[in-house]
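Observations on the model geometry
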Amino acid sequence: MFITFEGIDGVGKSTQLELLQSWLEESGREVVRTLEPGGTDLGQEIRHLLLHRKGDVSPRAEALLYAADRAHHVATRIRPALEAGKVVLSDRYFDSSVAYQGAARDLDVQEVLNISLWAVGNLVPDLTVLLDLDAEAAIARRSKTGVEPDRLEREKVDFFERARNQFLDLAAQPRFLVVDANLSVDAIQDLIRKRVAAMGLS
Ligand SMILES: Nc1ncnc2c1ncn2[C@@H]1O[C@H](COP(=O)(O)OP(=O)(O)OP(=O)(O)O)[C@@H](O)[C@H]1O
Ligand SMILES: [Mg+2]
């Protein structure tokens, strides 16, 4: 079972992933919790280029770097774990590229999706949890953490609003669970666990 978490920066993805991991492990599942970009050693170097390097990264180069990170992540970490019968929880996956490198950066969303699908050999998640929050609220929540914003997080509100709207468009697909990220941490986790349990995992 492959579950991904999506949503703009600061909506609560990491918080929810951690809680879901504990619950699955308590029920005896082996869980691999990972993230993009940076789920592998090569990916950590790519993550640094994408988020912390000084200077510009052109939009197509950015899209390809994310795809390269994802290709290596799937090949060396996600697929082997799934083949070993583990549950994989990923903090972001290709929907983030469609939303950010596509809609927010203004590349063609279908082209960005196609690059990712090629990169991952068409590995589509079984479930994608979208935590939905408006951009202003997400930015406010993030600034409260006191962590310095990275290169993408320094973008303006309308960048995140475009990403959010693209996520909502993607969420018309049946593999998505959309949750209102204004709910409490516990209420959100309950909705996620119900959906995961309904898929036969718990
Ligand atoms: N449901 C919630 N209600 C209010 N605050 C929340 C909720 N969920 C998480 N938070 C808080 O919002 C902040 C961001 O949460 P978190 O780091 O989980 O988000 P994220 O989506 O992983 O962010 P990023 O994209 O930056 O990694 C944290 O301070 C967290 O405690
Ligand atoms: Mg996070």
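Here the structure is a predicted model, which means the values were calculated and not measured.

What counts and what doesn't
Residues numbered from 1 in each chain as written. Chains lettered and ligands numbered in written order. Predicted model: local features only at pLDDT ≥ 70, side-chain atom pairs only at ≥ 80, totals over all residues. Heavy atoms only, no water. Helix = DSSP H or I, 4+ residues; strand = E, 2+ residues; numbered from the N terminus. Rg over C-alpha atoms; globule rule 2.2 N^0.38 Å. Buried < 20%, exposed > 50% of the residue type's maximum accessible area, 1.4 Å probe, protein only. Contact = heavy atoms within 4.5 Å. Near = heavy atom within 4 Å. Polar contact = N/O pair within 3.5 Å; in protein donor to acceptor, adjacent residues only side chain to side chain. Areas by Shrake-Rupley, 256 points an atom, 1.4 Å probe, with all protein chains shown as cover. Phe/Tyr/Trp six-rings, centres within 6.5 Å; stacked < 30°, edge-to-face > 60°. Core = buried A, V, L, I, M, F, W, Y, C linked by side-chain atoms within 4.5 Å. UniProt positions renumbered as here; feature names shortened; annotations may be inferred.

1. So, the overall build of the chain
The helix and strand inventory of the chain stands at eight helices and five strands. Reading the chain from its N terminus to its C terminus gives the helix and strand order β-α-β-α-α-β-α-α-β-α-α-β-α. Since a compact globule built from 202 residues should have a radius of gyration of about 17 Å, the 16 Å found for the chain is in line with a globular shape. A burial count over the chain gives 49% of its 202 residues as buried. Taking the contacts inside the chain whose residues are at least 6 apart along the sequence as the reference set, 77% of them involve residues at least 24 apart.

2. Brief notes about the site of ligand 1
As a matter of local geometry, ligand 1 sits amid 16 residues, with Gly12, Lys13, Ser14, Thr15 and Leu183 nearest to it. Gly12 places a polar main-chain atom, nitrogen or oxygen, 2.9 Å from an oxygen atom of ligand 1. Within the side chain of Lys13, a nitrogen or oxygen atom sits 2.7 Å from an oxygen atom of ligand 1. Burial of ligand 1 by the surrounding chains reaches 69%, relative to a free accessible area of 640 Å².

3. Some details on the packing of aromatic side chains
In this structure the tally under the stated criterion is six aromatic pairs. When the centroid spacing of 4.9 Å and the interplanar angle of 80° are considered together, the rings of Phe2 and Tyr93 count as edge-to-face. Here the residue Phe2 occupies a position in strand β1 (residues 2-6), and Tyr93 occupies one in the loop between β3 (87-91) and α4 (94-104), the gap between them amounting to 91 residues. There is no split in this pair, since Phe2 and Tyr93 are both buried. Seen from their ring centres, Tyr100 and Phe160 are 6.4 Å apart, and the 80° between their planes marks the pair as edge-to-face. Taken together, the residues span a long stretch of sequence, with Tyr100 in helix α4 and Phe160 in helix α7 (residues 157-170) at a distance of 60 residues. For Tyr100, a relative accessible area of 3% gives the class buried. Overall, the relative accessible area of 1% leaves Phe160 in the buried class.

4. Remarks on the environment of Asp95
Along the chain, the position of Asp95 falls in helix α4. Between the C-alpha atoms of Asp95 and Val109, which are 14 residues apart in sequence, the distance is 10.0 Å. For Asp95, the side chain forms a polar contact with the side chain of Arg175, separated by 2.9 Å.

5. Quick look at the environment of Met1
As for its placement among the helices and strands, Met1 is situated in the segment before β1. It is 7.9 Å that separates the C-alpha atoms of Met1 and Pro125, two residues lying 124 residues apart in sequence.

6. Details of the nonpolar core
Within soluble globular proteins, side chains that are nonpolar tend to cluster in buried spots. Ile3, Ile8, Leu20, Leu24, Tyr100 and Val196 are the most contacted members of the largest nonpolar core, which has 55 residues in total. Each residue touching Val196, except ones within four places of it in the same chain, is listed here: Ile3, Leu20, Trp23, Leu24, Leu127 and Leu201.

7. Thoughts on the UniProt feature "binding site: ATP" (unreviewed entry) in the chain
With numbering aligned to this structure, UniProt lists the feature "binding site: ATP" (unreviewed entry) at Gly7, Ile8, Asp9, Gly10, Val11, Gly12, Lys13 and Ser14. Take Gly7: it is sitting in the loop between β1 and α1 (13-26). On the accessibility criterion, Gly7 (0% relative accessible area) is buried. Apart from residues lying up to four places away in sequence, Gly7 is in contact with Lys13, Arg92, Tyr100, Leu130, Leu131 and Phe167. When its relative accessible area of 11% is taken as the criterion, Asp9 is described as buried. Those residues in contact with Asp9 that sit more than four places away from it in its chain are Arg92, Tyr100, Ala138, Arg142, Glu153 and Phe160. Here Tyr100 takes part through its side chain, which lies 2.5 Å from a polar atom of the side chain of Asp9.

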